Amino acid sequence: MNIVIQESYYHFLDNFIRKHLDLLSKSRVMIFGAGTRGINVLWMLKYNKIKNIYFVDNNQKKQGEEIEGIDIISFEKAQTYTGRTVYLCPVEKGESILSQLRGAGYEENIDYFNLDFFFTEYQDIITQIKGNNLNYSILFGCCILSSWIMGKDQIEVSLGKRIQQEFSQQNWLVFSLPGLNVVEYYHLLNIMKLLQKEKPRMVCITLEMSSMSPYAPLMVGTQNLIQHKMLFESLIKLEPQNIELQEHLRTIESRLQKSKSGRNLTSADNTPEAKRKVYELKYLYNLRESDEAVVYTKKILEQMNRENIPVVLLSPPVDYMTGKKICGPDFNNRYIANIQKLKNFLDGYRFISIDASFLAMSDMFVPQDQAPNINPFLNYEGQKCLIDFIKMQLR
């Protein structure tokens, strides 16, 4: 099994483990928090051949379970072990856990380490926007383009980096963040138009259905929306008089406040019925021509058509088999119908359509343990399959 990790968090953990490798190798390692970030830490430790590992979690429902063969125990039980023990705390805003460790007499950076981290991928977008780009094309996408794939024995770079490598002669700029959507692609294109001497040779937009639906604005957690907020604060510094940028920043701030309150449709329990509802929202949402995503796709096409810049609309691979298991046997037809509906809404505009939704088999996707996901994560074989398909379509 593989998992996904954001590139900046991978580098953060890699640097930490390299610095403390001797200590970690000679200690019993307790990962405090058996969530997504804790699993990221586990795989980085395993990749570095560290073996004496436990999960610690205050959630009694998790205690006694296993993740990848690693026991989940209570903090009370963890304290009964003798010998050198080191606690790693990757939980976002895990002050209560840190207080718990301090209260037990442990000392920071000796007995425990705070591995909370803020993702910094948005800075890559700003760097590319401000660069002197010549003969370039732009590739837009959600986390399908920015997530690295981590296995026990190897690390696979993100799909965006693979495309940059495979299409190196075309100088692709990759603009990708978890939750990034068509509205934000539109604003980024306008900033590029303002700052760059040359127009892009081509614009490619990966149209994940989850980013076209209301799912993205309702994402659980705050890190993604905080990145969006910091991205648009940076864009406003580049163009302070842009009213549209300022309005969108206010929209992001509003969504961020709702996310902090925990009131959203995507925080359902991990039950089959809850999974089905989230899948329906993310992948089978009934698109309307008045939807924000459709309106801004039209705006992008209108602008690019006017400037004779080719646009590729890429529908990325979807794990149809998993979709059928959760949403029923008609999942494929309903998903394809949504893609066709979008094309009908865009009738009259010029664009190249690449529908790769059918392309990959289930074993070409990285399984998602935490939140239901049938798209966008691909393993190495899935990436290769998609890139070869794109090359063939663009001949």
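All of these numbers come straight from a predicted model, not from anything done at the bench. (Residues numbered from 1 in each chain as written. Predicted model: local features only at pLDDT ≥ 70, side-chain atom pairs only at ≥ 80, totals over all residues. Heavy atoms only, no water.)

K.L.:
Talk me through the overall build of the chain; I want residue IDs and the actual numbers.
P.N.:
Check the secondary structure of the chain and you find 16 helices and 14 strands. Relative to the globule expectation of 21 Å for 395 residues, the C-alpha radius of gyration of the chain, 22 Å, shows essentially globular dimensions. The buried share among the 395 residues of the chain stands at 55%. For the chain, the computed accessible surface area is about 17,900 Å², with 49% contributed by carbon and sulfur atoms. On the chain, the mean spot of the 46 positive side-chain charges and the mean spot of the 44 negative ones are 2 Å from each other. (Helix = DSSP H or I, 4+ residues; strand = E, 2+ residues; numbered from the N terminus. Rg over C-alpha atoms; globule rule 2.2 N^0.38 Å. Buried < 20%, exposed > 50% of the residue type's maximum accessible area, 1.4 Å probe, protein only. Areas by Shrake-Rupley, 256 points an atom, 1.4 Å probe, with all protein chains shown as cover. Lys, Arg positive; Asp, Glu negative; His and termini not counted. Charge placed at Lys NZ, Arg CZ, Asp CG, Glu CD.)

K.L.:
Can you break down the environment of C204 residue by residue, with the values?
P.N.:
Structurally, C204 can be placed in strand β12 (residues 203-206). Judged by relative accessible area, which is 8%, C204 ranks as buried. Distance from C204 to S353, taken between C-alpha atoms, is 9.9 Å for residues 149 residues apart in sequence. Aside from chain neighbours lying at most four places away, what touches C204 is I138, L139, F140, W172, V312 and L314. (Contact = heavy atoms within 4.5 Å.)

K.L.:
I'd like a description of the packing of aromatic side chains, backed by residues and values.
P.N.:
Counted according to the given criterion, the structure contains 21 aromatic pairs. Of the aromatic side chains, those joined through ring pairs into one cluster are Y9, F12, F117 and F119. The ring of F167 carries K391 above its face, with NZ or CZ at 5.9 Å from the centroid. (Phe/Tyr/Trp six-rings, centres within 6.5 Å; stacked < 30°, edge-to-face > 60°. Lys NZ or Arg CZ within 6 Å of the ring centre and 35° of its normal.)

K.L.:
Describe helix α14 (residues 320-327), and please don't skip the residues or the numbers.
P.N.:
When α14 is considered as a whole, its buried residues turn out to be Y320, G323 and C327. One side of α14 holds all its buried residues, which, seen down the axis, span an arc of 55°. Along its buried surface, α14 packs onto α12 (272-283) and α15 (331-345). Remark: G328 follows α14 within two positions and exhibits a positive phi of approximately 110°. (Arc of directions from axis to C-beta.)

K.L.:
Describe the sheet that holds strand β9 (residues 147-150), with residues and values.
P.N.:
Reading across from one edge, β1-β9-β10 is the order of the three strands in this open sheet, with antiparallel pairing throughout. A strand with exactly one partner marks an edge of an open sheet, and here the two such strands are β1 (3-6) and β10 (155-156). The strands touched by helix α3 (residues 36-47) are β1, β9 and β10; relative to β1, the strand with the most contacts, the crossing angle is about 100°. (Pairing = 2+ DSSP bridges. Axes fitted to C-alpha atoms, helices over the stretch in contact; angles between N-to-C directions.)

K.L.:
Requested: an account of the side chain of H187, with residues and values cited.
P.N.:
In this fold, H187 is placed in helix α8 (residues 182-195). Excluding its chain neighbours within four sequence positions, the residues that come into contact with H187 are F232, E244, L245 and H248.

K.L.:
Talk me through the sheet that holds strand β11 (residues 172-176); I want residue IDs and the actual numbers.
P.N.:
Pairing is parallel across the open sheet formed by five strands, whose spatial order is β11-β8-β12-β13-β14. Since the sheet does not close on itself, it has two edges, and those belong to β11 and β14 (352-355), each with one partner. Sheet twist, expressed as the average angle between the axes of neighbouring strands with direction ignored, equals 15°. Two strands pair when backbone bridges link them, and strand β8 (residues 137-141) and β12 are joined in this way by three bridges, in the parallel orientation. Its bridge partner being in β12, L139 is matched across the sheet by C204.

K.L.:
Can you explain the pairing of β12? Please cite residues and give values.
P.N.:
Alternating positions in β12 separate into two faces, V203 and I205 on one and C204 and T206 on the other, with burial throughout. Pairing geometry for β12 and strand β13 (residues 311-315), over four bridges, is parallel. Looking at the pairing, T206 lines up with L314 of β13.

K.L.:
Residues and numbers for the nonpolar core, please.
P.N.:
Residues F140, F175, L231, L235 and Y335 are the most contacted members of the largest nonpolar core, which totals 54 residues. Broken down by element, this core gets its largest block of residues, eight residues, from α8. Aside from chain neighbours lying at most four places away, what touches L235 is I126, I129, L188, I191 and L245. Among the nonpolar cores identified, the runner-up in size contains 32 residues, and I3, I72, L88 and F117 belong to it. (Core = buried A, V, L, I, M, F, W, Y, C linked by side-chain atoms within 4.5 Å.)

K.L.:
Account for the environment of Y296, naming residues and giving values.
P.N.:
Here Y296 lies in helix α13 (residues 292-306). The residues touching Y296, leaving out its near neighbours within four places in the chain, are V182, V183 and Y186.

K.L.:
Summarise α8; cite the residues concerned and give the values.
P.N.:
Spanning 14 residues, α8 covers 20 Å between terminal C-alpha atoms, matching the ideal 20 Å at 1.5 Å per step. In terms of residue burial, α8 counts as a mostly covered element, since eleven of its 14 residues are buried. Listing the buried residues of α8 in full gives V182, V183, E184, Y185, Y186, H187, L188, L189, N190, I191 and M192. (Expected span 1.5 Å × (residues − 1).)

K.L.:
Summarise the state of the cysteines; cite the residues concerned and give the values.
P.N.:
Under the defined criterion, the tally for this structure stands at zero disulfides. Here C204 is not cross-linked by a disulfide; its sulfur's nearest cysteine counterpart is in C142, at 14 Å. Distance from the sulfur of C385, which forms no disulfide, to the nearest cysteine sulfur (C204) is 16 Å. (Disulfide = S-S within 2.5 Å.)

K.L.:
Please provide a residue-by-residue account of the environment of P90, values included.
P.N.:
In this fold, P90 is placed in the loop between β6 (85-89) and α5 (95-103). The class of P90 is buried, set by a relative accessible area of 0%. For P90 and C143, which are 53 residues apart along the polypeptide, the C-alpha to C-alpha distance reads 21 Å. Setting aside anything within four residues of it in sequence, one finds P90 in contact with Y9, I31, F32, R37, G38, V41, L115 and D116.

K.L.:
Talk me through the pattern of salt bridges; I want residue IDs and the actual numbers.
P.N.:
As enumerated under the stated definition, the model contains 17 salt bridges in all. Taken together, the shared-partner salt bridges connect R37, E92 and D116 into one network. (Salt bridge = Lys/Arg side-chain N within 4 Å of Asp/Glu carboxyl O.)

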